[in-house]
Amino acid sequence: MKNTKVNLVRLILLALSFSSPLLTVSAQTNPTDVAALSLLQINFPLLALISTGDPCLPTPHFWLECSSDTTPRITALNLNGAALAGVLLPDFSAMDALEIIDLSNNLLVLEFPDFLANFPNLKVLNLANNFFFGTIPISLMEKSINNTLELTLTGPGMINLCFSDEELCETVPGTQTNFGQTPVLIDPLANGFTINGVGK
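Presented here is a report on the structure given in the accompanying data block. Treat the numbers as computed from the prediction; the structure is a model and nothing was measured.

### Observations concerning the overall build of the chain
Inference 1: Helix and strand counts for the chain stand at four helices and 12 strands.
Inference 2: Here the chain, with 200 residues, has 43% of them falling under the buried criterion.
Inference 3: Here the contacts in the chain between residues at least 6 apart in sequence split such that 52% fall between residues at least 24 apart.
Inference 4: Surface accessibility of the chain: about 11000 Å² in total, with carbon and sulfur atoms responsible for 59%.

Printed below as a string of structure tokens:
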């Protein structure tokens, strides 16, 4: 008799789950954004632990900002000082509505990911106080010079970065070279970055 009652309760709950919105959890945020965000949560399990359910509805996770569309888009990642650590940053560029990416003050030790240049609406990119190295796509520098992107690459651990569309920075660290396809070295202790000796 006890097993019969348990099975009956399970059947009722199962039936209600198909009819009651209170008992279902369905992602209403843009599914492409949700899939890309899940890559970050898999790579940084702490993000999955502190935030569950739909990322934007009914209210956004505290480290996200979302649009007010019927199907919301994720517009900001605010992960300053979020204890992110590792040598891999998964490609989350499918979140192409992002306007703000703040990964500052973490322990990310990795080559600068080219996909960070692939966000068409990006207005703020803050990577300060991590340990990025390698080449940064020149398109990011151009956007910063044109004041369409606030780019922050400061910090003592950001000493092996340069702007270039080539695979390697062949200039000597600490030198400055001409703007263009030639690598442009960054002064990580300046306010932003330095181009041809002029602080940005």
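### Observations concerning the pattern of salt bridges
Inference 1: One pass over the structure, following the stated rule, counts three salt bridges.
Inference 2: For Arg73, the salt bridge goes to Asp96, with nearest N and O atoms at 2.6 Å. Remark: Asp96 occurs in the loop between strand S3 (85–86) and strand S4 (100–102) and Arg73 occurs in the loop between strand S1 (64–66) and strand S2 (74–78); sequence separation between them is 23 residues.
Inference 3: The salt bridge partner of Glu99 is Lys123, with a shortest N-O separation of 3.9 Å. Remark: Lys123 occurs in the loop between strand S5 (107–111) and strand S6 (124–126) and Glu99 occurs in the loop between S3 and S4; sequence separation between them is 24 residues.
Inference 4: When its relative accessible area of 30% is taken as the criterion, Glu99 is described as partly exposed.
Inference 5: It is possible to trace a salt-bridge network through shared partners that takes in Asp33, Arg73 and Asp96.

### So, a negative patch on the surface
Inference 1: Taken together, the side chains of Glu111, Asp114, Glu142 and Asp165 make up a negatively charged region of the molecular surface.
Inference 2: Relative to the elements of secondary structure, Glu142 occurs in helix H4 (residues 138–145).

### With respect to the state of the cysteines
Inference 1: Counted by the stated rule, this structure contains one disulfide.
Inference 2: At a sulfur-sulfur separation of 2.0 Å, the disulfide partner of Cys56 is Cys66. Here the S-S torsion is close to -80°, and the disulfide linking Cys56 with Cys66 is therefore left-handed. Taken together, the residues Cys56 in the loop between helix H3 (45–50) and S1 and Cys66 in strand S1 connect sequence positions 10 residues apart.

### What about the sheet that holds S1?
Inference 1: Ordered in space as S1-S2-S4-S6-S8, the five strands form an open sheet in which the pairing is mixed. Pairing within the sheet leaves two strands with one partner each, and these edge strands are S1 and strand S8 (150–152). When the angles between neighbouring strand axes are averaged without regard to direction, this sheet yields 10°.
Inference 2: Sheet topology note: the S6/S8 ladder contains three bridges and is parallel. Across the sheet, the residue bridging to Asn126 is Thr152, located in S8.

### Re the pairing of S5
Inference 1: Pairing analysis gives two bridges linking S3 to S5, with the strands arranged parallel. Bridging across to S5, Gly86 finds its partner in Leu108.
Inference 2: Across three bridges, the pairing between S5 and strand S7 (residues 131–136) is parallel. Residue pairing across strands places Glu111 opposite Phe133, the latter belonging to S7.

### Looking at helix H2 (residues 31–43)
Inference 1: For H2, spanning 13 residues, the distance from its first C-alpha to its last is 19 Å, which sits close to the expected 18 Å at 1.5 Å a residue.
Inference 2: Within the span of H2, buried status applies to Asp33, Ala36, Leu37, Leu40 and Gln41. Viewed along the axis of H2, the buried residues span an arc of 150°, placing them on a single side of the element. For H2, the exposed residues lying more than 90 degrees away from the buried face are Pro31 and Ile42.

Procedures and definitions
Residues numbered from 1 in each chain as written. Predicted model: local features only at pLDDT ≥ 70, side-chain atom pairs only at ≥ 80, totals over all residues. Heavy atoms only, no water. Helix = DSSP H or I, 4+ residues; strand = E, 2+ residues; numbered from the N terminus. Buried < 20%, exposed > 50% of the residue type's maximum accessible area, 1.4 Å probe, protein only. Contact = heavy atoms within 4.5 Å. Areas by Shrake-Rupley, 256 points an atom, 1.4 Å probe, with all protein chains shown as cover. Salt bridge = Lys/Arg side-chain N within 4 Å of Asp/Glu carboxyl O. Patch = residues over 30% accessible without salt bridge, like charges linked within 9 Å, V, L, I, M, F, W, Y side chains within 5 Å. Lys, Arg positive; Asp, Glu negative; His and termini not counted. Charge placed at Lys NZ, Arg CZ, Asp CG, Glu CD. Disulfide = S-S within 2.5 Å. Pairing = 2+ DSSP bridges. Axes fitted to C-alpha atoms, helices over the stretch in contact; angles between N-to-C directions. Expected span 1.5 Å × (residues − 1). Arc of directions from axis to C-beta.

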